[in-house]
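# What the coordinates show
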Amino acid sequence: MSQGIIFDISEASIHDGPGLRTTVFMKGCPLRCRWCHSPEGQSPEPEMLQLPDGSQRLCGKVYQAEELAQYLRECAALTPEGGITFSGGEVLMQAGFVKDVLSRLPGIHKVVETSGAGKGQDLLDIAGMCDLIYFGLKVIAPADAMNFTGMSSEIILKNLHALDLESQTEYILRIPLIPGAIATEKNFKALMELTFGLKRLRAIEFLRANKLAPAKYTRCRRKFAPEFADCRTGDIPAFFTPEVPFSILD
Amino acid sequence: MNERVSDIYEKTRNGFYRRYRREQIPAETIAGFYHSMPPYMAVAKALKTILQLETPVIIPGEKFYFTRTLRGNAIPPPEAGRRVENLTPDWEILLRDGVEKRLELIRAQLEKPDPDPESIEFLLSAHEMLSDVITFAGRYADAADAAGNKEAAKMLHKIPASPPENMHEALQAIFFMFSILHLTGCTLQGFGRMDQYLYPFYQHDLDSGLLTRQEAGELLEEFFIMLNRENDLYGMLQRGDDGESLMLGGCKTDGSDAVNDLTLLILETAEKTAMINPKINLRVNTATAEHILRAGLRLAKRGLGFPQYCNDEVVIPALVKFGYPLEAARDYTVAACWEFVVKDGRDIPNCASVNLALAADNAIRTAMREKQSFEQLLENVKAAIRQQVPRPFPKLLPNPLFSAFSGKCLERARDIHDGGGTHYHYGIHGCASSTAADSLAAVKKLVFDDKKIAPEILLAALENNFDGYQEVRQLLQTAPKTGNDEQLSNAMLNFIFNAFADAIAEVPPDARGGRIRPGTGAAQNYVMMTQFPDHPYYLRATADGRKEGEFFSSSLSPAPGVRANGILSIFRTYGKLPYEKLCNGGPITLELSPAYFRNPDALDRGIQIIRAFVLSGCQQLQMNLLDRETLLDAQKNPEKHRDLIVRVWGWSGYFTELDKAFQDQIIAREAYGA
């Protein structure tokens, strides 16, 4: 049986799919987005968090696949209209474990949230095992992506197209409105162009920037230094008129 | 609210009506009656005296009539016996018969051959009290005539003597009798299943065109506001601790769905009036309609600390298992706070409290001192619980007026304290359960299993309130905690409640067949047993890492400072309790953060949280709104927050009127669902 490392589980979550969700946050991410609102999800290792009251908390708990699956089945039994969501960090970094757990959740509505930064085959496998994908797209131009997320967008875009072409699972783009990085004219134009080429995209959901992000960096004993902007939410320009519906999530 | 009703609301909040209270209830004279006369005579004489001192007040523009003109409380001297409290009159009897028909029944009973002297005493007393109620209503009618208020006069010449014929008359009958029952010393009264007994009147008024739905709502608004007019006189420990619970939904006595349009209208009305009374309770089951749950959630969002939810699928079987007939169980309501009560009884649902954490703490300290095994420790917990279980069989005070509207007291010619009722049971709260379970789990894991803390070190740490033992305290805090559905803490929690229920089951019934019903509530004890060292069940530092002076939680909730994984883990934890043995009630106390309700989907998700609560097999739930920032600001700037309401335990109160210890306990609660 496989094991995985998780930095948080949120029960009765109300942002991560239909109905009441139990959301598992996988620890470890290949991206280093400057605005990242879950810095404790970046390292794939357990780490001590420094809490505001001076105490410390160990972040990162290792689960066996069946142990986690049992916990999730018991939660899901109480939420017949909802289900289980895997988020991160980056789910694809622990794809084997995630697949193992997903396979142990028959009859339960499953959502996976991913940035697409991982192996294409893993994404397709996982998509085949769940009911909905939230694809967390960020900066589209490869060089800009390298600058803002620490990784070029080429693999991500390739995986997005593969998901669109080869998988039957529905997906939604989820995009944080980070001014100066994502909520720019250039990126909105690229996004519109990109979505015209996608056949099975259901919708785009924009997310407001997380005002609590700086405090979370302090807890990880790091500095929140996005350099480009504060935590304001960017606007959607008037020219942004994709073919799919879009909305801003509160 | 329309302008007229808003005006009554404002005056109520401003204490305007207190100006009518000109005289004091003559407490010494009343006490004298109880000391010099047989109880049946004293209780009637006391009411007569008080009603004669009351002055009818007819206020223009108001639709309900009774305003207190006497200050103070009409409480019989405690040595006279335990008064009726925490019970709901059977309002259906009043609405069906009115007072005159009850008097006719009494006269018929008195004419029966071979009378029993006890019965005669009771019947004569009841006759006198009911007659005095009619006389008093007549004085109100005369005052209305004198004031030229024809509508009021017409109502008061008829109600409550004759049966009401419409919703306005029905509510006036209840309000008038409720107010007079308070003058007999009867307190913490409930309003029972109002959507059931009021529904025929509501339906009649809509069908006959007497009222529109909106007008019926306005009538209810005014009635609800009236329930807040005198509540500074009715409160027990703090203002707001005055019962006035109202039950909605659930099933009929035949098991079919009881929800109707009045269920919804009452929920909507409570949301509009947004006052501390009446406290709304909602009975739910797997099939409860979504629109009812949605209305309940909208009310919860209003931040009043209700509705409180009761899971019929767990409550009814537990009441039946205890021995109540199925039909009575299906017709249950709650007492002042959360205790499940049936109609035809003289139960005392909150007789006493057992401090479960104290029982655990005593056993732990002994076991550490005497180097006992964990098995021996658990035996000691059982013994310590047994020691705290009282034999709560008090002398009961008669109340023939209450008896006239309860069960078959008149038919049996017996007061409710003396065979008129069918059930004479007692309720005992088992409080501090999460602190108890967490203490045992910490000792089991760290002292016995992992051997990370030596017994003498734990004992010294506890005796020194962890001063100089900070590391021990931190270790203890790492043990499994109640609320996370973990094996060890679950096992300890279930051990505690089984031990509690078993200790209670050992108590033999009293002469009336009364047995004790164990419950899971904490009531005021989270303050009384942690802040007052003179309390006989005062709790010192505990082995879960809790320092002396820190609170324990309200009823069923993870211990203060413990943040559970989430709402579902809390339900999974508490869904495993042996509720079939715990029929006295006591809710899971769950606080939701303001952020939760800011989400546009909050109501939809809330409906599913309630469904999860039912599915998990939990018994009772308070799902309150906790806005810590606002509460902290209200402590600093009370004048800005005078209408801020919070759930305190079985009741809601105005936050700024609470003693600081209660404010602090609420602020220390965890909020979920951000």
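Numbering of residues starts from 1 in each chain and follows the order in which that chain's sequence is written. Lettering of chains starts at A and numbering of ligands starts at 1, both following the order in which they are written. At least 70 in pLDDT is required for a residue's local features to be given in this predicted model, at least 80 for side-chain atom pairs to be given and counted, and no such filter applies to totals for whole chains, interfaces and linings, which use all residues.

Within chain B, the secondary structure is distributed over 30 helices and 15 strands. The globule rule used here is 2.2 Å times the number of residues to the 0.38 power, and the radius of gyration it is set against is calculated over C-alpha atoms. Relative to the 2.2 N^0.38 estimate, which gives 26 Å for 674 residues, the radius of gyration of chain B is 25 Å and therefore close to what a compact globule would have. Dimensions along the principal axes, computed over C-alpha positions, put chain B at roughly 80 × 60 × 50 Å. Partly exposed residues are those whose C-beta has more than 12 but fewer than 20 other C-beta atoms within 10 Å; 20 or more makes a residue buried and 12 or fewer makes it exposed, with C-beta atoms placed from the backbone. Every one of the 674 residues in chain B was classed for burial, and the buried ones make up 57%. Think of it this way: any DSSP run of H or I at least four residues long counts as a helix, any run of E at least two long counts as a strand, and we number them from the N terminus.

Do not read the predicted coordinates in detail wherever pLDDT is low. In the predicted model, chain B carries a mean pLDDT of 95, and the fraction of residues at 70 or more is 100%. Interface predicted TM-score (ipTM) for the complex: 0.86; the corresponding pTM is 0.93. Summary of the metric used: pLDDT quantifies the predictor's per-residue confidence within the range 0 to 100.

Residues and elements named next belong to chain B. Along the chain, T253 turns up in the loop between strand 3 (245-249) and helix 12 (261-273). The class of T253 is partly exposed, set by 14 C-beta atoms lying within 10 Å. Contacts here follow a simple rule: the backbone-placed C-beta atoms of the two residues must lie within 7 Å. Residues in contact with T253, not counting those within four places in the same chain, are E327, R330 and D331.

Attention now goes to the sheet that holds strand 10 (residues 516-519) of chain B. All names here are of chain B. Taken together, the 3 strands give an open sheet; going across it, the order is 8-9-10, and neighbouring strands pair in parallel fashion. Both outer strands of the open sheet, strand 8 (348-355) and strand 10, are each paired with one neighbouring strand and no more. If you compare each strand with its neighbour and ignore which way they point, the axes differ by 30 degrees on average. Strands are treated as partners if at least two bridges between them are detected by DSSP. Bridge count for strand 9 (residues 426-431) against strand 10 is 4 bridges, and the pairing is parallel. Within strand 10, the residue paired with I428 across the bridge is P518. Inter-axis angles, ranging from 0 to 180 degrees, are taken between N-to-C directions of lines fitted to C-alpha atoms, where helices are fitted over the stretch in contact. Relative to the sheet, helix 16 (residues 356-369) contacts strand 8 and strand 9, its axis offset from that of strand 8 by approximately 25 degrees.

So, on to the environment of E128 of chain B. Residue position: E128 of chain B is located in helix 5 (residues 117-146). Sequence separation between E128 of chain B and F16 of chain B is 112 residues; the distance between their C-alpha atoms is 33 Å.

The next thing to look at is the packing of helix 10 (residues 213-226) of chain B against helix 12 of chain B. Residues and elements named next belong to chain B. Between helix 10 and helix 12, whose axes approach to 9 Å, the crossing angle comes to 55 degrees. One element, helix 10, and the other, helix 12, form an angle in the oblique class. For the pair helix 10 and helix 12, the crossing hand works out as right-handed. Taken together, the residues of helix 12 that come into contact with helix 10 (itself represented by R213, A216, G217, L220, E221, F224 and I225) are L265, I266, E268, T269, A270, K272 and T273. Roughly parallel here means an angle under 35 degrees, roughly antiparallel means over 145, roughly perpendicular means 65 to 115, and every remaining angle is called oblique. Handedness of a crossing is defined here by the sense of rotation of the near helix relative to the far one, left-handed for an anticlockwise turn of less than a right angle and right-handed for a clockwise turn.

It is worth spelling out the nonpolar core at this point. All names here are of chain B. When buried Ala, Val, Leu, Ile, Met, Phe, Trp, Tyr and Cys residues are joined through C-beta atoms within 7 Å, the set is termed a nonpolar core. Within the largest apolar cluster, 289 residues are counted, with the highest numbers of intra-cluster contacts made by L156, L319, L356 and F500. Per-element accounting of this core gives the leading share, 12 residues, to helix 7 (residues 167-183). These domain boundaries are the output of an automatic or database domain assignment. No fewer than three residues from each of domain 1 (20-186) and domain 2 (191-338 + 587-674) sit in this core.

What follows deals with helix 4 (residues 91-110) of chain B. Residues and elements named next belong to chain B. The end-to-end C-alpha distance of helix 4, which contains 20 residues, comes to just 24 Å, noticeably less than the 28 Å that a straight helix rising 1.5 Å per residue would cover. Among the residues making up helix 4, those that are buried are W91, I93, L94, L95, G98, V99, R102, L103 and I106. Packed against the buried residues of helix 4 are helix 5, helix 7, helix 8 (194-197) and helix 19 (409-412). Expected helix span is given by 1.5 Å per residue-to-residue step, counting one fewer step than there are residues.

Counting from both sides, the interface comprises 16 residues of chain A and, opposite them, 17 residues of chain B. Among the secondary structure elements, those contributing two or more residues to the side of chain A that touches chain B are strand 1 (3-13) and helix 1 (65-77) of chain A. Residue contributions to the side of chain A that touches chain B peak at 4 residues, all from strand 1 of chain A. Think of it as three bins: nonpolar holds Ala, Val, Leu, Ile, Met, Phe, Trp, Tyr, Cys and Pro, charged holds Asp, Glu, Lys and Arg, and polar takes everything else, Gly as well. Here the side of chain A that touches chain B is built from residues that sort into 7 nonpolar, 5 polar and 4 charged.

With that settled, consider helix 28 (residues 602-615) of chain B. Across its 14 residues, helix 28 of chain B extends 20 Å between first and last C-alpha, which sits within 8% of the 20 Å expected from 1.5 Å per residue. Among the residues of helix 28 of chain B, those classed as buried are A602, R605, G606, I607, Q608, I609, I610, R611, A612, F613 and V614 of chain B.

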